[in-house]
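What the coordinates show
These are the residues of each chain, in order.
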Amino acid sequence: MVKDIFSGLKAYVGAFNLISQLKLWKYFAIPILISVVTASVIGITSYGLSDNIGVFLAKIWIWDWGKDTVTTITSFIGALFVLVIGLILYKHIVLALSAPFMSPVSEKIEKHINGDLKLQHRNTSFQEQLIRGIKLSVRNLGKELFFTIPILMLKLIPVVNIFSTILLFLLQSYYAGFGNMDYTLERHFNYKDSIHFVGKNKGFSIGNGIVFMLCLLIPVLGIIMVLPLSVTAATVKTVELLSKENESTVL
């Protein structure tokens with residue numbers, strides 16, 4: 001697993017040059033716009049909600065003494081909760097809506113690597129790619145929230161909260177990488193087989209998603225560059241994995 005994670009990270013090396021070499025920047029215009037608008041809407045909404053959640057949680061403390069301290073703590077918890085949920089929503093919204101625009105990019109990279117689409121290739125329309133992207137994101141969103149809520153509760157426990165932060169980051173990374181890999185997988189697998197494939201290659205998905213999540217920590221530039229770099233890196237690695245699987249099947 002650790003080796004696979006580092007392999008997923010390593011795939012980012014040369015991603016920027018590959019985008020320039022294949023003249024792919026123009027394909028990222030609309031996805032970048034989607035990313036910026038989504039991040040702005042979620043950011044503004046989150047800023048307004050964090051204080052409200054903190055005040056609501058503070059009402060649980062009915063005593064006057066320590067009220068200010070409790071309010072400070074609950075405001076922090078509220079801000080953290082909104083931030084995490086905001087990142088989750090941002091990720092899945094952007095990945096879903098960008099699907100029809102990222103699939104052609106992924107296909108061009110795959111043709112560049114293989115010389116042609118030698119593996120099984122499914123022809124899908126713009127509408128089918130969008131529907132699949134939304135379907136996959138809704139599925140992953142539900143699963144991610146299911147695991148995220150308990151992990152957030154662990155943050156209330158001293159010492160344990162350190163490990164819960166790492167676990168939460170890896171969980172978010174996995175689903176980010178999942179979406180990036182599917183831009184390539186949708187040409188080769190149906191919905192269920194794609195989920196199975198990523199499940200077998202969790203480490204690569206996490207490795208790709210780690211850089212995706214770290215990019216979001218960079219103000220402004222992060223949300224602009226996150227899709228071009230992560231999708232390119234994911235495509236390179238996914239094509240490699242598909243080739244290996246195809247070779248093993250032949251043998």
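The text that follows walks through the structure, step by step, so that each part is easy to find. (Residues numbered from 1 in each chain as written. Predicted model: local features only at pLDDT ≥ 70, side-chain atom pairs only at ≥ 80, totals over all residues. Heavy atoms only, no water.)

Looking now at the side chain of Ser-194. With respect to the helices, strands and loops of the structure, Ser-194 is situated in helix 8 (residues 191–200). Look at Ser-194 and you get buried, because its relative accessible area is 1%. When near neighbours in sequence (up to four residues on either side) are disregarded, Ser-194 contacts Arg-132, Asp-182, Leu-185 and Phe-189. (Helix = DSSP H or I, 4+ residues; strand = E, 2+ residues; numbered from the N terminus. Buried < 20%, exposed > 50% of the residue type's maximum accessible area, 1.4 Å probe, protein only. Contact = heavy atoms within 4.5 Å.)

All right, on to helix 9 (residues 202–215) then. Here helix 9 contains 14 residues, and its C-alpha end-to-end distance of 20 Å stays within 8% of the 20 Å for a straight helix at 1.5 Å per residue. Among the residues of helix 9, those classed as buried are Gly-203, Phe-204, Ser-205, Ile-206, Gly-207, Asn-208, Gly-209, Ile-210, Val-211, Phe-212, Met-213 and Cys-215. (Expected span 1.5 Å × (residues − 1).)

Another point: the side chain of Ser-173. Examined against the element boundaries, Ser-173 turns out to sit in helix 7 (residues 160–185). Setting aside its immediate chain neighbours within four residues, Ser-173 contacts Ser-205, Ile-206, Gly-209, Ile-210 and Met-213.

On to the packing of helix 6 (residues 126–154) against helix 7. With their axes 10 Å apart at the nearest point, helix 6 and helix 7 run at an angle of 175 degrees to one another. By the angle between their directions, the pair helix 6 and helix 7 is classed as roughly antiparallel. Side by side, helix 6 and helix 7 meet where Arg-132, Leu-136, Arg-139, Asn-140, Lys-143, Glu-144, Phe-147, Thr-148, Ile-151, Leu-152 and Leu-154 of the first sit next to Val-160, Asn-161, Ser-164, Leu-167, Leu-168, Leu-171, Gln-172, Tyr-175, Phe-178, Asp-182 and Leu-185 of the second. In terms of residue class, the contact of helix 6 with helix 7 is made up of 12 nonpolar, 5 polar and 5 charged. (Axes fitted to C-alpha atoms, helices over the stretch in contact; angles between N-to-C directions. Parallel < 35°, antiparallel > 145°, perpendicular 65-115°, else oblique. Nonpolar A, V, L, I, M, F, W, Y, C, P; charged D, E, K, R; others polar.)

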